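This is what each chain is made of:
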Amino acid sequence: MSMNKICSLWTYYIFCLAGVLLISCTEDEVAGTPFITVSKQELTFGKSGSETLLYIQSNVSYEVVSDSPEWCSITRQESDSKKTGKYLVSVTANPDTESRSTTIKVTGSEMNEVVQVNQLASDLLVGETHEVTVAGEGENFSIKMQASGDYEITIDAGWLHHNSSRALTEKVETFTADPNVGNEVRTAVITFMLNDLIESVTVIQNVSSIPEADMTGVEKNAMELMKEIAIGWNLGNSLEATGGETAWGNPATTKAMITKIKELGFSAVRIPCAWNDYLASDGSYEIQASWLNRVKEVVDYCVDNELYVILNIHWDGGWLENDIPNGYNKAVDQKQRALWQQIATFFRNCDERLIFAGCNEPNVEDADDMAVLLQYEQTFVDAVRATGGKNVYRNLIVQGPATDIDKTIQWMDRLPEDPTDGRMIVEVHYYSSWQFCGMEKDESWGKAFYFWGEENRGYAVGNYEGRWDNIGGEEYMKAQFQKLKTRFVEQNIPVLIGEFAAIRRQLSDEKAQRGHDLSRAAFDRCVVRQARAHGLVPFYWDRGDGVLNRNTLDIYDNLEYNGLYGNFRLDCLFLDELLDSVK
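Residues numbered from 1 in each chain as written. Predicted model: local features only at pLDDT ≥ 70, side-chain atom pairs only at ≥ 80, totals over all residues. Heavy atoms only, no water.

Here we take up the environment of G358. By secondary structure assignment, the location of G358 is in the loop between β20 (354-357) and α6 (367-385). With 214 residues separating them along the chain, G358 and K144 place their C-alpha atoms 45 Å apart. (Helix = DSSP H or I, 4+ residues; strand = E, 2+ residues; numbered from the N terminus.)

Here you go:
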């Protein structure tokens, strides 16, 4: 045998021996110290049913067992490795309100590995009651809740409010129910939500009890009370604005604004007010509690300043006033009753400084319309009186047909019946002539007047010829006011001039503009003077561009303000001389 062949055989023998040794080593390692290794020592699951994978490596046979197979199960899965076992650990949803735990044990060759399995508790949400009854006058109440976490609270009614939570062993939720100013029992639902759990509580509120008649703070009859008011101011184009208090360009009413009105010398505020935009969305006539509270806030601004307050249902979209020519409408009458029953109940504890007015400018054109208006005004009176307490004696205002003096004299031959004598006031408005007071441009039937009063007649020359008011001068005013005095005042029925004013126009000629401004001041001065001379109570209509700048609280127009007798410390004769000196 050649030496090369012997070397090759020797090399082959050495490699084979090395391979046997290598294999022997590997087998010794596999068959060496037994072990079991798990991928996780602890598994945590949420409250819902869930699953996860557990991996086990071992060189011995082993067994995998769950101590709680009824809710924690183990299923072997196919694995790509012979050394690694793959297991699906599944848990069912935890129905209990406490967390639960178990163990998975892996045992083999006298070895044990333990995997801790934890599952979170199910949500807990339980209320002590599902129904609460509260008094019609409104009250606070509490509901105890047991819960495993934070929950949401929703309420489906504006008259019910969540106040606070107190965390004890149980949570105590407190709520406030506003007074039920309606005439029917009402309900609301409080809903508590914790994830998928829902608990609800129905709140039933009874009708407010009707208190006994109470004259405390409402001692003055209508004639006595009206003598307390020298001149009033209208908070126009604010709370009656369609679309919200600021929708017509004025800022929200503030206490500082009303305080300024008091400082300017006015002794009362008329609050034109809308209600139709603030009714419950379910089609009922229930007034939103938030709006009642806002109106009361403004009323309180006035009362706190020792001002008298007139609160009405203004035009309000015309649901009553514009419907009158269509004849009596039962639905309109029911709405009138429902609104006034709520308003009167809500404000029942206010003293005599608050006066209610049934509507604003009812559209009445003949005797038949007047009969319809009288029915609606009777409903207003009955609704207020039926709420008891101070409302039995509260002074009330009813409107003449179209609040027009001549129509009132012609068709208002009687007032609604009132069980309380001497507590009724008649309201008219004065915008005569309209061509001077309100017409903004010429119409086919007549020209707009820019000048008023004999002292300003001379401005109606040249391009302004024919612009002097030859219809509604001072003599005409005196005659109109005398009609009211004869028909009502002399019969101990006071009369309110609820609105009067003349709009401001911008004229291109400086002299004509001065004459126009003097005319407006003269008109205001004459209305105030003649109204008081005839026992009537005048209320100036200010739509935001009258005597007070509501943004800055400065006097908007000093000339016009002086025309309204300023702060009433000025003498009428002095005012005449003041206005004459400006010309």
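Once you've had a look at it, read on.
In this section: empty space enclosed by the protein. For the structure shown, the criterion picks out two cavities of 30 Å³ or more. Space inside the second largest cavity adds up to approximately 30 Å³. I313, H314, W315, W319, L320, E321, Q336, G358 and C359 together form the lining of the second largest cavity. Its residues assigned to classes, the lining of the second largest cavity comprises five nonpolar, three polar and one charged. (1 Å grid on protein atoms, 1.4 Å probe; cavity = no way out; pocket = protein on both sides within 12 Å on 5 of 7 lines; lining within 4 Å. Points joined across faces, edges and corners; volume = space filled by probe spheres on them. Nonpolar A, V, L, I, M, F, W, Y, C, P; charged D, E, K, R; others polar.)

Right, let's talk about the pairing of strand β19 (residues 308-312) for a bit. When a strand is regular, its side chains alternate between the sheet's two faces. The buried count for β19 comes to five of five residues, which makes it a mostly enclosed element. What you see with β19 is no split at all: Y308, I310 and N312 on one side and V309 and L311 on the other are buried throughout. Of the pairings in the sheet, the one linking strand β18 (residues 268-271) to β19 comprises four bridges and is parallel in character. Residue pairing in the sheet places R270 in a bridge with I310 of β19. Assessed by its sense of winding, the connection that carries the chain from β18 through helix α4 (residues 289-304) to β19 is right-handed. Pairing geometry for β19 and β20, over four bridges, is parallel. Of the residues in β20, the one forming a bridge with L311 is F356. Note on the crossover from β19 through helix α5 (residues 330-346) to β20: the handedness is right-handed. (Buried < 20%, exposed > 50% of the residue type's maximum accessible area, 1.4 Å probe, protein only. Pairing = 2+ DSSP bridges. Right-handed = clockwise from strand over helix to strand, strands pointing away.)

Adjacent strands of a sheet pair through backbone hydrogen bonds, lying either parallel or antiparallel. Pairing is parallel around the closed barrel formed by eight strands, whose spatial order is β17-β18-β19-β20-β21-β22-β23-β24. Strand-to-strand twist across the sheet, computed as the mean angle between neighbouring axes with direction ignored, equals 30°. Two strands pair when backbone bridges link them, and β20 and strand β21 (residues 396-399) are joined in this way by two bridges, in the parallel orientation. From the neighbouring strand, F356 faces β21, where its bridge partner is L396. Where helix α10 (residues 510-533) meets the sheet, it contacts β22 (424-430), β23 (495-500) and β24 (536-540), and its direction lies at approximately 155° from that of β24. (Axes fitted to C-alpha atoms, helices over the stretch in contact; angles between N-to-C directions. Contact = heavy atoms within 4.5 Å.)

Moving on to the packing of helix α9 (residues 474-487) against α10. To characterise two packed helices, one gives the angle between the axes of the helices and the distance between these axes. Following both chains from N to C, one finds α9 and α10 inclined at 30°, their axes separated by 10 Å at the closest point. With respect to their mutual orientation, α9 and α10 come out roughly parallel. Along this stretch, α9 crosses α10, giving a crossing that reads as right-handed. Residues E474, M477, K478, F481 and K485 of α9 form the contact with α10, whose own contacting residues are F523, C526, V527, R529, Q530, A531 and A533. (Parallel < 35°, antiparallel > 145°, perpendicular 65-115°, else oblique. Left-handed = near helix turned anticlockwise from the far one by under 90°.)

The next point concerns the side chain of N250. Inspection of the secondary structure assignment puts N250 in the loop between β17 (232-234) and α3 (255-263). Given a relative accessible area of 8%, N250 falls into the buried group. Of note is the side chain of N250, whose polar atom sits 3.1 Å from the backbone oxygen of N237. A polar side-chain atom of N250 sits 3.1 Å from the main-chain carbonyl oxygen of R543. (Polar contact = N/O pair within 3.5 Å; in protein donor to acceptor, adjacent residues only side chain to side chain.)

Attention now moves to the layout of surface pockets. Its boundaries defined by the atoms lining it, the largest pocket holds a volume of some 760 Å³. Residue lining of the largest pocket: 34 residues in total, with A280, S284, Y285, E286 and I287 positioned closest to the centre. Sorting the residues of the lining of the largest pocket by element identifies β15 (186-194), α4 and α5 as the ones contributing at least two each. Top contributing element to the lining of the largest pocket by residue count: α5, with six residues. For the lining of the largest pocket, a count of residues per class yields 13 nonpolar, 14 polar and seven charged.

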